[in-house]
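Residue-level listing of the chains:
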Amino acid sequence: MHYYSILTMASPQFLLPSTKPHFQFQFQSHLSFPSHNSSIHTLSLSFTMLRRRTARRRNLSSAAAASDDEEPPPPIASLSTNDKRVGPDISTLLRRFWKVAAPYWSSEDKVQARLRLAVVFALTLATTGISVGFNFLGRDFYNALSNKDQDQFMKQLLYYLGAFAVGIPIFVLRDYARETLSLRWRSWMTTYYMKRYFKNQTFYKIQSQSIIDNPDQRIVDDLSAFTGTALAFSLTLFNAAVDLISFSNILFGIYPPLFIVLIVYSLGGTALSVYLGKGLVSLNFMQEKKEADFRYGLVRVRENAESIAFYGGEENELQLLIDRFKRAFENLSELLISSRNLDFFTSGYRYLIQILPAAVVAPMYFTGKIEFGVINQSVSAFNHILTDFSLIVYQFQAISAFSAVIDRLGEFDDILDGNESSRLLKNNDTEEIKIVFEKSNDLSSSNGSLIQTGQEKLLEIQSLTLQAPRSQSILFTDLSLEITNNDHLLVMGPSGCGKTSFLRALAGLWNTGTGKILYYINSSENNNALNDEEFMRSSKYRRLGGIFFLPQKPYMVLGTLRQQLLYPTWNDEFLFSEDDPNDSNSLPFLSKDSNSNSDSNSTKPNPPKNEDLIKVLETVRLGDILSRFNGLDSIQEWSSVLSLGEQQRLAFARLLLAKPRLVLLDESTSALDDANEAHLYNEIGKAGITYISIGHRRTLIQYHKRVLNIIKSDSVANPVAPSWRVEPINQASDSVQETSPSP
């Protein structure tokens, strides 16, 4: 079990070495002069396409702690035996390219973006002018050599040196301006896509319903490849157009038949390249997907090393990883074969042009119609124009890889917009459960009667029928109840009856079904937010309205112990605390949005002080954690260094700091002993927090006032019987026995 020893000590990057194969996006003209190799004629725009560098970041911890009534996940498409994929047509690729690329140029950064793009195009135009000058310098330089004119040779040599001194800085500045614009574009697109990814909990819907593979990779790798390559490709097309205009006159003036040979040669080469490489787009797409699956398997071993070691499942994991690598290997073998066939043609195409123009104009030199320098000038002009015409021939593999990036990003963008797979993100075929927030100054119940003095309504559920999102199976029907302050409710029932699904509905994660869920918030807070429908649907609004959720497996954020305690109520203040608005290198869209709804429409309590944090750790009996990990600002892999019981107590510390009015607990004490469980329930009760708990343990009954028993709705014995019932605590014992499965 050496892997277990290594993984328990290794940093997260240990098993994830960065592999960075470079796809060269370049146009080589095979010129005779070193200056041309550094000019736009030898434009080499390298972009790093990291193939499967980032594993699928599935929520492994949540998967390990999934409740027993979790709906079975759908099969993962990437592991299907059907590995073939039909690539998109040209019109779809162009539509997706425009849809992905266009937003930045009309964004809040459009002034800087357009100005920088204009500078890049101006520098590109300048380098093309310098290249034309080098073309004529080369002609005179070789004429001087051919004529053995030493004075003229030295004069042309000085001209060359002067041209180098002027041209090289322009080439360097052009490349620098292009790369900085690409970085700025990528930064904006990254924030743009991440905001949409987290909006309305789209990230949860994509993950839970397995709508697409590897959204993390599309944000990190594909966006990086897209911005760099799109900009390089656009500049190359611009340069090709300018080159074509500049050098066509030169070549046509030297020998018109040579220009006709060039047109026929380039068009024929393009047609053959498209035919030989037509399968590369799909193969590149599938290769990225399969390598991500293999890498994800390695991440699972790292995240679940202890469980695998306990089970002794090394052989199973090894075979699984070998099988995934085999899939990637087989696809890569097909990709290499297709690339080899294309290379046979493109290599011959590229090398033949080194002699073709000279062979065409040589008879004119032998008859004395042209000088020797004109041969070099014609070769240079021929190569320039042929490079422009042969974009697809020279760069078909790079274009194919880029097309796969466009396809993946376009698919992701369509899903974020809800244009594709909308039936998965939004269940249009069924009614939706409505979640409504109202002011808590209305203390009357739904039938008009007044609630007794001192009892404030916190939650009301009206005729709730819940369905599983994918299978549409009904979990329970017509559930109605009210929760007032200190009216603690325990939700119980057999495995698979829908207890955790009930909490998902309350949290807004599942909305398939019918009915209404009303939360009553403090009338003195969030008055403006009640008019903001989008903000009201957000998780932050629920927290600010005094509603808190605690899952069975607490989420441990990447950061310090302080950030663990402050998550998620105050964590953003510490994440952005080091932003310097006067930093000239900082980008405005990478800083915290001061105009966001969460800041303008709500009142957040002041963050706790160090004394409060230390006190709450002692309250949940985690006082020793400060000495174990060197204080509040130590950074650890908290999900690994803390036991599940310690993580659950840390989650209760978050709860006590946030002081919500209502909290929903999903078996949040399942890893604790009876004494710690009793202590924590006593603490949240003393804090005046009303709680709804889900659990199997009979010890939970004593901390609640009512019990909601959910019965499996697929009962064969009595299919019309109610699927739930609410009882006072003194009847809980009998209810638990009735709903428990028979031995």
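Residues numbered from 1 in each chain as written. Predicted model: local features only at pLDDT ≥ 70, side-chain atom pairs only at ≥ 80, totals over all residues. Heavy atoms only, no water.

Caption draft 1: Geometry of the overall build of the protein chain. Scanning the protein chain from N- to C-terminus turns up 28 helices and 12 strands. Counting the 743 residues in the protein chain, one finds 49% classified as buried. At a minimum sequence separation of 6, the contacts of the protein chain that also span at least 24 residues come to 78%. Accessible surface, the protein chain: about 35,500 Å² in total, of which carbon and sulfur atoms supply 56%. (Helix = DSSP H or I, 4+ residues; strand = E, 2+ residues; numbered from the N terminus. Buried < 20%, exposed > 50% of the residue type's maximum accessible area, 1.4 Å probe, protein only. Contact = heavy atoms within 4.5 Å. Areas by Shrake-Rupley, 256 points an atom, 1.4 Å probe, with all protein chains shown as cover.)

Caption draft 2: Region of interest: the nonpolar core. Counting residues in each nonpolar core, the largest one holds 40 residues, and the members touching the most others are Leu617, Leu655, Leu665 and Ile684. Looking at this core, the elements with two or more residues in it are strand 6 (489-492), strand 8 (547-550), helix 20 (561-566), helix 23 (610-619), helix 24 (625-628), helix 26 (644-658), strand 9 (662-666) and helix 27 (674-686). It is helix 26 that contributes the most residues to this core, eight residues altogether. Residues Leu223, Ala230, Ile415 and Leu416 belong to the second largest nonpolar core, which totals 34 residues. (Core = buried A, V, L, I, M, F, W, Y, C linked by side-chain atoms within 4.5 Å.)

Caption draft 3: Representation of the pairing of strand 9 within the structure. Counting buried positions along strand 9 gives five out of five residues, so the element sits mostly inside the fold. Bridge count for strand 8 against strand 9 is four bridges, and the pairing is parallel. By the bridge assignment for strand 9, leucine 550 is matched with leucine 665. Between strand 9 and its parallel partner strand 10 (residues 690-694), the chain crosses via helix 27, and the hand of that crossover is right-handed. (Pairing = 2+ DSSP bridges. Right-handed = clockwise from strand over helix to strand, strands pointing away.)

Caption draft 4: Representation of helix 5 (residues 110-147) within the structure. With 38 residues, helix 5 should cover 56 Å at 1.5 Å per step; its first-to-last C-alpha distance of 56 Å lies within 8% of that length. Looking one or two residues past helix 5, lysine 148 carries a phi angle of roughly 55 degrees, positive in sign. (Expected span 1.5 Å × (residues − 1).)

Caption draft 5: The pattern of salt bridges, seen in detail. Under the criterion given, the structure shown has 26 salt bridges. Between aspartate 222 and arginine 408 there is a salt bridge, with its nearest N and O atoms 3.0 Å apart. Of the two residues, aspartate 222 sits in helix 8 (residues 215-254) while arginine 408 sits in helix 15 (residues 391-417), which places them 186 residues apart along the sequence. The class of arginine 408 is buried, set by a relative accessible area of 0%. The salt bridge involving arginine 697 is made with glutamate 677; its shortest N-O contact spans 3.7 Å. With a gap of 20 residues between them, arginine 697 in the loop between strand 10 and strand 11 (706-710) and glutamate 677 in helix 27 connect regions that are remote in the sequence. Take glutamate 677: its relative accessible area is 0%, and that puts it in the buried class. Among the charged side chains, a salt-bridge network with shared partners connects Arg95, Arg96, Lys99, Arg196, Asp407, Asp413, Asp414 and Asp417. (Salt bridge = Lys/Arg side-chain N within 4 Å of Asp/Glu carboxyl O.)

Caption draft 6: Just the sheet that holds strand 9, in detail. The strand order across the open sheet formed by six strands is 8-9-10-6-11-12, and the pairing between neighbours is mixed. The sheet terminates laterally at strand 8 and strand 12 (724-728), the two strands that pair on one side only. Looking at each pair of strands side by side, their axes are set apart by 15 degrees on average, direction ignored. The sheet contact formed by strand 6 and strand 11 spans four bridges and is parallel. Note that in strand 11 the partner of leucine 490 across the bridge is valine 707. Packed onto the sheet, helix 26 meets strand 8 and strand 9 and runs at close to 175 degrees relative to strand 8. (Axes fitted to C-alpha atoms, helices over the stretch in contact; angles between N-to-C directions.)

Caption draft 7: Summary view of the sheet that holds strand 4 (residues 457-467). With mixed pairing, four strands are arranged side by side in an open sheet as 3-7-4-5. Each edge of the open sheet is held by one strand with a lone partner, namely strand 3 (434-439) and strand 5 (474-484). Across the sheet, the axes of successive neighbouring strands diverge by a mean angle of 15 degrees, strand direction being ignored. Both strand 3 and strand 7 (residues 513-521) contribute to a ladder of six bridges, which runs parallel. By the bridge assignment, glutamate 438 is partnered in strand 7 with tyrosine 520. Against the sheet, helix 17 (residues 499-507) contacts strand 3, strand 4, strand 5 and strand 7, and its axis sits at roughly 115 degrees relative to strand 4.

Caption draft 8: Here's a closer look at a nonpolar patch on the surface. A contiguous nonpolar patch, built from Met154, Leu157, Leu158 and Leu161 and spanning about 370 Å² of accessible area, is present on the exposed surface. Its place among the elements puts leucine 158 in helix 6 (residues 150-198). On the accessibility criterion, leucine 158 (58% relative accessible area) is exposed. (Patch = residues over 30% accessible without salt bridge, like charges linked within 9 Å, V, L, I, M, F, W, Y side chains within 5 Å.)

Caption draft 9: Geometry of helix 27. Spanning 13 residues, helix 27 covers 18 Å between terminal C-alpha atoms, matching the ideal 18 Å at 1.5 Å per step. Every buried residue belonging to helix 27 is among Asn676, Glu677, His679, Leu680, Tyr681, Glu683 and Ile684, and all of these are buried. Buried residues along helix 27 sit against helix 23, helix 26, strand 9 and strand 10. The N-terminus of helix 27 is capped by aspartate 673, whose side-chain oxygen sits 3.1 Å from the backbone nitrogen of alanine 675. Positive phi appears at glycine 688, one or two residues downstream of helix 27, with a value of about 80 degrees. (Polar contact = N/O pair within 3.5 Å; in protein donor to acceptor, adjacent residues only side chain to side chain.)

Caption draft 10: Highlighting the packing of aromatic side chains. Following the criterion strictly, the structure yields 28 aromatic pairs and no others. Plain terms: the ring middles of phenylalanine 141 and phenylalanine 153 are 5.1 Å apart, the flat faces sit at 45 degrees to each other, and that makes the pair tilted. Of this pair, phenylalanine 141 sits in helix 5 while phenylalanine 153 sits in helix 6, placing them 12 residues apart in sequence. With a centroid separation of 5.9 Å and an interplanar angle of 25 degrees, the aromatic rings of tyrosine 193 and phenylalanine 412 are classed as stacked. One end of the pair, tyrosine 193, is in helix 6; the other, phenylalanine 412, is in helix 15, and 219 residues separate them in sequence. The burial state of tyrosine 193 is the same as that of phenylalanine 412; both residues are buried. One residue, arginine 196, lies across the ring of tyrosine 193, its end atom 5.1 Å from the ring centre. (Phe/Tyr/Trp six-rings, centres within 6.5 Å; stacked < 30°, edge-to-face > 60°. Lys NZ or Arg CZ within 6 Å of the ring centre and 35° of its normal.)

Caption draft 11: Highlighting the packing of helix 5 against helix 6. One can describe the packing of helix 5 onto helix 6 by two numbers: an axis separation of 9 Å at closest approach and a directional angle of 160 degrees. On the basis of the axis angle, helix 5 is roughly antiparallel to helix 6. Pair helix 5 / helix 6 crosses with left-handed handedness. A breakdown of the residues in the contact of helix 5 with helix 6 according to their chemical character gives 22 nonpolar, eight polar and five charged. (Parallel < 35°, antiparallel > 145°, perpendicular 65-115°, else oblique. Left-handed = near helix turned anticlockwise from the far one by under 90°. Nonpolar A, V, L, I, M, F, W, Y, C, P; charged D, E, K, R; others polar.)

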